[in-house]
Amino acid sequence: MSKGPLSPRAASQGPLSPRAASRRRCSALVTAVLLTGLALLAPGVAEAASPGASVPSGSWPYANGDLANTRDATGAVISSANVSDLKQAWSFTLTGKGATSVGGAGALTSAPIVVNGVVYIQDQGSNVYALDFATGKLRWEYRLNQPLKSGPGPNGVAIANGTVFGASPTTVFALNAATGRPDWIDRHLLKSGEGTFGIQPQVADGRVYLGSQYGSRPGGGVLLGLNASTGKLLWTFNTVVGPEKGVKALGLGSGGAWETPLVGTTDGSVTFGIGNPYQSAAAAIKYPSKDLYTDSDVNLSAATGKLRWYYQGVPDDFYDHDMQASPIAADVSGVPAVIGGGKLGYVYAMNAETGALIWKTPVGAHDGHDNDSLQALEHRSKLKAPYTYLPGALGGMLTNMALAGNSIYVGTIDLPFRIKSLSTVLGVPAGPEAGEIEALSLSTGKVEWDTKVSDMPLGAATVSGNLVFTTLFHGTLIALNSTTGAIVYRHQLPTSTNAPLTIAGNTVLVPLGALRTSKAKARGRPQLVGYTVP
């Protein structure tokens, strides 16, 4: 699943199936001792700036920049006129257990948050760091040393009203943003079989919104709304309607949410992108079912968790094709809309009030297997193994989209997977690592430009001025002209990366997880790097 590996983002000697990396890891995990409060020993090191680098300034208050999840860095000053002047202002290097790669996916997969001159970020061990934005020096650390058990990733924190909200695999917590000391901790939100946390939450209107992953009991992964002041559970929503036979045959968990939800600012709703049912082709063919609400966007009442509408991109999915991306609030030709998508390789524009489809557009490479799940559902499947399929189990669109003006910006992975037997799940990578960055018209969904890259774009599309930024898996920061798609900037990073970047004012923040890749074994050290323009 996106498994978010972010799931995404799992690769070792060539990308591994996110689920495989997670399952191999589970038996080896050891429960860590919870250490609340401040770290007594420095967990990381802030390194000096490049000569002439400017002091960072600006803000990025939400996981995707704003509550609408647009990833448009409003107020940023970086553009094609000065991008070539980017210089390293500082780097913060993880040390100790926080630097440990989890499930082959590195140590950092979350988006940094920047509020009031402080950067907040969480590593894959669930540890939270507060850094001085100007210098990169540690202000405080909240140590948990509890490696994620799902995905792994993306993980991360949310900030609201002087409080930092985050989660470990089984615990949700609120910390004082100035000191890192806990305001509240809830260790009893998930029941047995409801999976674990690995999502970067959202906070708005006095509520915390998050979801679990790998829920194996009837109901699958769950979505939750909490009281932000107390941590009290307000509501839950099961992302799987029932124990469908195809899913139950494996018992490894289904549904759930991986990416930060969309909170409606005018209609009292919250919208989540939901993961896949996780089943083999043989099971999906033998026990056909829509497997609601997997591979869907679900729109709920933010106050009660009651379902308002859903849109399912793929029924009876058996390719790990989540519809996991953070939904975006938009206006399509005067109609309030939600833009969704994910590893299934489609972008969808849906009516924000009803969920009715306005348009959908395929993105990235497709090789004719888009309707395999529908054919299985309708008892028309003629699949025979072995075969390859695109989008593969990593996508499609693995990381979040951006929206600026009348254009949507998307990064996709063009890595085929090969199925050797219909009874196996996902298959194995069967081609070179490559991808595309595309721009779509918000009004029509029509592709405006499509730029191919020889690596997987995993930094989440992020807009600053007339540029679209992202990072490539093996360690490259790139910027494209937002009108033409031409790559106008390229910078070699210290190590590999598979985390969303952040743009705040004059600064690009790039989390580098230093995961092992097919081109290098843990090249470099896990770190957060800040680059600034004058």
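Structural data are supplied above this passage.
Fair warning: this is a prediction, and the values are worked out from it, not measured in the lab.

1. A few points about the overall build of the chain
Then, number 1: The secondary structure content of the chain amounts to four helices and 37 strands.
Then, number 2: Here the chain, with 534 residues, has 64% of them falling under the buried criterion.
Then, number 3: As presented, the chain carries roughly 17600 Å² of accessible surface, and 52% of it is formed by carbon and sulfur atoms.

2. Side note on the pairing of strand E2 (residues 87–94)
Then, number 1: With seven of eight residues buried, E2 lies mostly within the body of the structure.
Then, number 2: The pairing of strand E1 (residues 44–47) with E2 spans four bridges and is classified as antiparallel. Residue pairing in the sheet places Gly44 in a bridge with Leu94 of E2.
Then, number 3: Bridge count between E2 and strand E37 (residues 527–532): six bridges; the pairing is antiparallel. In the strand pairing of E37, Trp90 is matched with Gly530.

3. Brief notes about unusual backbone geometry
Then, number 1: With an omega dihedral of 5°, the bond running from Leu292 to Tyr293 counts as a cis peptide bond.
Then, number 2: Topologically, Tyr293 is positioned in the loop between helix H3 (281–286) and strand E18 (296–301).
Then, number 3: The linkage connecting Gly395 with the following residue, Gly396, adopts the cis geometry, with an omega of 5°.
Then, number 4: Here the phi dihedral of Ser126 falls at roughly 75°; this positive angle occurs in a residue that is not glycine.

4. Overview of the pairing of strand E9 (residues 172–176)
Then, number 1: For E9, the buried fraction is high: four of the five residues fall into the buried class.
Then, number 2: Note: strand E8 (residues 163–167) against E9, five bridges, orientation antiparallel. Paired with Thr163 across the bridge in E9 is Asn176.
Then, number 3: Where E8 folds back on E9, the antiparallel hairpin that results is connected by four residues.

5. Some remarks on the sheet that holds strand E31 (residues 462–464)
By way of backbone hydrogen bonds, the strands of a sheet pair with one another, either parallel or antiparallel.
Then, number 1: Read from one edge to the other, the open sheet built from four strands follows the order E31-E32-E33-E34, with strand pairing classed as antiparallel. Of all the strands in the sheet, just E31 and strand E34 (487–492) have a single pairing partner and so form its edges. Going across the sheet, the axis of each strand differs from the next one's by a mean of 25°, ignoring polarity.
Then, number 2: Sheet topology note: the strand E33 (residues 476–481)/E34 ladder contains five bridges and is antiparallel. Bridge pairing in E34 links Leu480 to Ile487.

6. Examining the sheet that holds strand E3 (residues 113–115)
Then, number 1: Reading across the sheet, the four strands line up as E3-E4-E5-E6 and stay open at both edges, with antiparallel pairing between neighbours. The open sheet has two edge strands, E3 and strand E6 (138–142), and neither has a second partner. On average, adjacent strands in this sheet sit at an angle of 20° to one another, irrespective of strand direction.
Then, number 2: Pairing analysis gives five bridges linking strand E4 (residues 118–122) to strand E5 (residues 128–132), with the strands arranged antiparallel.

7. So, the environment of Lys137
Then, number 1: By the element assignment, Lys137 lies in the loop between E5 and E6.
Then, number 2: For Lys137, a relative accessible area of 55% corresponds to the exposed category.

8. Remarks on the side chain of Ser482
Then, number 1: Looking at where Ser482 falls in the secondary structure, it is placed in the loop between E33 and E34.
Then, number 2: For Ser482, a relative accessible area of 12% corresponds to the buried category.
Then, number 3: Setting aside residues no more than four positions away along its own chain, Ser482 makes contact with Tyr409, Trp449, Asn466, Leu467 and Val468.

9. Observations concerning the side chain of Ser296
Then, number 1: Counting through the fold element by element, Ser296 comes out in strand E18.
Then, number 2: Note on Ser296: relative accessible area 0%, which makes it buried.
Then, number 3: A polar contact of 3.2 Å, which involves the side chain of Ser296, links it to the backbone oxygen of Tyr293.
Then, number 4: A distance of 2.9 Å separates a polar atom in the side chain of Ser296 from the backbone oxygen of Thr294.
Then, number 5: Excluding its chain neighbours within four sequence positions, the residues that come into contact with Ser296 are Phe272, Gly273, Ile274, Tyr310, Tyr311, Gln312, Gly313 and Met323.

10. Here we look at the packing of aromatic side chains
Then, number 1: Summed over the entire model, instances satisfying the criterion amount to 15 aromatic pairs.
Then, number 2: Ring geometry for Tyr311 versus Tyr348: centroids 5.4 Å apart, planes at 55°, classification tilted. Pair noted here: Tyr311 is in strand E19 (residues 307–312) and Tyr348 is in strand E22 (residues 346–351), with a separation of 37 residues, a long-range link.
Then, number 3: Judged by relative accessible area, Tyr311 falls into the buried class, the value being 17%.
Then, number 4: Under the relative-accessibility criterion, Tyr348 is labelled buried at 1%.
Then, number 5: Look at Tyr409 and Trp449: their rings are 6.1 Å apart centre to centre, the planes differ by 40°, and that puts the pair in the tilted class. Remark: Trp449 occurs in strand E30 (residues 447–453) and Tyr409 occurs in strand E26 (residues 407–413); sequence separation between them is 40 residues. Like Trp449, Tyr409 is buried.
Then, number 6: One aromatic cluster in this structure is built from Phe318, Tyr319, Tyr387, Tyr389 and Phe417.

11. Things to note about the pattern of salt bridges
Then, number 1: Throughout the structure, instances matching the rule amount to six salt bridges.
Then, number 2: With a shortest N-O distance of 3.1 Å, Asp320 and Lys343 are connected by a salt bridge. Of this pair, Asp320 sits in the loop between E19 and strand E20 (328–332) while Lys343 sits in the loop between strand E21 (335–341) and E22, and the two are 23 residues apart along the sequence.
Then, number 3: The exposure class assigned to Asp320 is buried, which follows from its relative accessible area of 1%.

The rules behind these values
Residues numbered from 1 in each chain as written. Predicted model: local features only at pLDDT ≥ 70, side-chain atom pairs only at ≥ 80, totals over all residues. Heavy atoms only, no water. Helix = DSSP H or I, 4+ residues; strand = E, 2+ residues; numbered from the N terminus. Buried < 20%, exposed > 50% of the residue type's maximum accessible area, 1.4 Å probe, protein only. Areas by Shrake-Rupley, 256 points an atom, 1.4 Å probe, with all protein chains shown as cover. Pairing = 2+ DSSP bridges. Axes fitted to C-alpha atoms, helices over the stretch in contact; angles between N-to-C directions. Contact = heavy atoms within 4.5 Å. Polar contact = N/O pair within 3.5 Å; in protein donor to acceptor, adjacent residues only side chain to side chain. Phe/Tyr/Trp six-rings, centres within 6.5 Å; stacked < 30°, edge-to-face > 60°. Salt bridge = Lys/Arg side-chain N within 4 Å of Asp/Glu carboxyl O.

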